[in-house]
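One-letter residues, chain by chain:
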Amino acid sequence: MKLLIKKTPYLLFLLVMPLLGKVYELLNTRANDAVDLTATVDKAIPFISVFIIPYILWYAYLFCYLVYFCFKDTKIYIKTLILIVIAELICFVIYFFFQTTVPRPTVEGNNFVIYLVQWIYANDRPVNCFPSIHVLTTFAIMLASLNIKNKHVLNNLTIHILGTLIIISTLFVKQHVILDMIGSMFLVTFLYGITFELLSFRVSRKSETVYVKDK
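Residues numbered from 1 in each chain as written. Predicted model: local features only at pLDDT ≥ 70, side-chain atom pairs only at ≥ 80, totals over all residues. Heavy atoms only, no water.

What to know about the overall build of the chain
- For the chain, the count of helices and strands is nine helices and two strands.
- Taking all 215 residues of the chain together, the buried fraction comes to 43%.
- If you take every contact in the chain between residues at least 6 apart in sequence, the share linking residues at least 24 apart comes to 88%.
- When the accessible surface of the chain is summed, it comes to about 12300 Å², and 70% of that surface belongs to carbon and sulfur atoms.
- Computed over 19 positive and 12 negative side-chain charges, the inter-centroid distance for the chain is 13 Å. (Helix = DSSP H or I, 4+ residues; strand = E, 2+ residues; numbered from the N terminus. Buried < 20%, exposed > 50% of the residue type's maximum accessible area, 1.4 Å probe, protein only. Contact = heavy atoms within 4.5 Å. Areas by Shrake-Rupley, 256 points an atom, 1.4 Å probe, with all protein chains shown as cover. Lys, Arg positive; Asp, Glu negative; His and termini not counted. Charge placed at Lys NZ, Arg CZ, Asp CG, Glu CD.)

Brief notes about the side chain of Gln99
- With respect to the helices and strands, Gln99 occurs in the loop between α5 (74-97) and β2 (100-101).
- A distance of 3.3 Å separates the side chain of Gln99 from the side chain of Asn128, its partner in a polar contact. (Polar contact = N/O pair within 3.5 Å; in protein donor to acceptor, adjacent residues only side chain to side chain.)

Observations regarding the packing of aromatic side chains
- Taken as a whole, this structure holds 11 aromatic pairs when the rule is applied.
- Taking 6.2 Å as the distance between ring centres and 75° as the angle between the ring planes, the aromatic pair formed by Tyr24 and Tyr95 counts as edge-to-face. Of the two residues, Tyr24 sits in helix α2 (residues 16-28) while Tyr95 sits in helix α5, which places them 71 residues apart along the sequence.
- A residue is classified by how much of its surface remains accessible, and Tyr24, at 19% relative accessible area, is buried.
- Aromatic pair Phe96 and Phe97: ring centres 5.0 Å apart, planes at 80°, arrangement edge-to-face.
- Owing to a relative accessible area of 68%, Phe97 belongs among the exposed residues under this scheme.
- Taken together through their ring pairs, the aromatic side chains of Tyr61, Tyr65, Tyr68 and Phe69 make up a single cluster. (Phe/Tyr/Trp six-rings, centres within 6.5 Å; stacked < 30°, edge-to-face > 60°.)

A few points about the packing of α2 against α5
- At a closest axis distance of 11 Å, the pairing of α2 and α5 adopts a crossing angle of 10°. Comparing their axes, α5 and α2 come out roughly parallel. Counting all contacts with α2, which are made through Val16, Met17, Leu20, Val23, Tyr24 and Leu27, the residues of α5 involved are Leu81, Ile84, Val85, Glu88, Leu89, Phe92, Tyr95 and Phe96. (Axes fitted to C-alpha atoms, helices over the stretch in contact; angles between N-to-C directions. Parallel < 35°, antiparallel > 145°, perpendicular 65-115°, else oblique.)

What to know about α5
- Between its first and last C-alpha atoms α5 spans 35 Å; for 24 residues at 1.5 Å apiece the expected length is 34 Å, and the two agree.
- Two or three places before Lys75, at the start of α5, stands the capping residue Asp73, its side-chain oxygen 3.2 Å from that residue's backbone nitrogen. (Expected span 1.5 Å × (residues − 1).)

Digging into the nonpolar core
- Membership of the largest hydrophobic core comes to 57 residues, with the highest contact counts inside it found for Ile52, Leu66 and Ile141.
- Contributing elements (two or more residues each) for this core: α2, α4 (52-72), α5, α6 (112-123), α7 (133-145), α8 (153-172) and α9 (178-214).
- Apart from residues lying up to four places away in sequence, Ile141 is in contact with Tyr61, Leu62, Tyr65, Leu66, Phe69, Thr80 and Ile159. (Core = buried A, V, L, I, M, F, W, Y, C linked by side-chain atoms within 4.5 Å.)

Some thoughts on a nonpolar patch on the surface
- Residues Met1, Leu3, Leu4, Ile5 and Phe71 make up a contiguous nonpolar surface patch of roughly 510 Å² in combined accessible area.
- In terms of residue count, the dominant contributor to the nonpolar patch is helix α1 (residues 2-11) (three residues).
- In this structure, Leu3 sits in helix α1.
- On the basis of relative accessible area, Leu3 is assigned to the partly exposed category, the value being 44%. (Patch = residues over 30% accessible without salt bridge, like charges linked within 9 Å, V, L, I, M, F, W, Y side chains within 5 Å. Salt bridge = Lys/Arg side-chain N within 4 Å of Asp/Glu carboxyl O.)

Here we look at the state of the cysteines
- Here the structure, examined in full by the defined rule, presents zero disulfides.
- Residue Cys64 stays outside any disulfide, its sulfur separated by 13 Å from that of Cys70, the closest cysteine. (Disulfide = S-S within 2.5 Å.)

In structure tokens form, the structure reads like this:
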């Protein structure tokens, strides 16, 4: 209980996520001429409705692992949240000036999985796809998790296996194309290098300098 009280102020930072979601919704209603980035290889990727399950699990994946990071290593949690916020803001700028789209298949059937696909299609217009926020945030969690020490092996496997399924699900349910995925992973890798490697290196060098002077 004491730990929860101690971490609550940091957990409140998660309120930025629904705010980002609202910005995305506003951009998703814009009716500009969207560019189709579908490549030949994308046309060869089949529509597999069952992948809508990991696609939707993304919401729980993102929230649960950010909370997990907060309790496991608050510094990593803050860095991950900063990375995600900056990356999404960059995405929003791209969506505003360069709107893209993905052609969707005709989905027929009356089973639960098909219903989930139809629900996603009805509530998320096929625009603002490059880069993919699904891929962006998932890959950010996967990279950040490498800095969390003493993870249980099952937890480690879940982070990366479920994360991989979420990323490829964006292609199999035709919400994104390969360029969307690549763009997201490139952006996250670049920002990860700044937030986790470059800044940490500078802090480390400053600490060493102070130590030498004291000596």
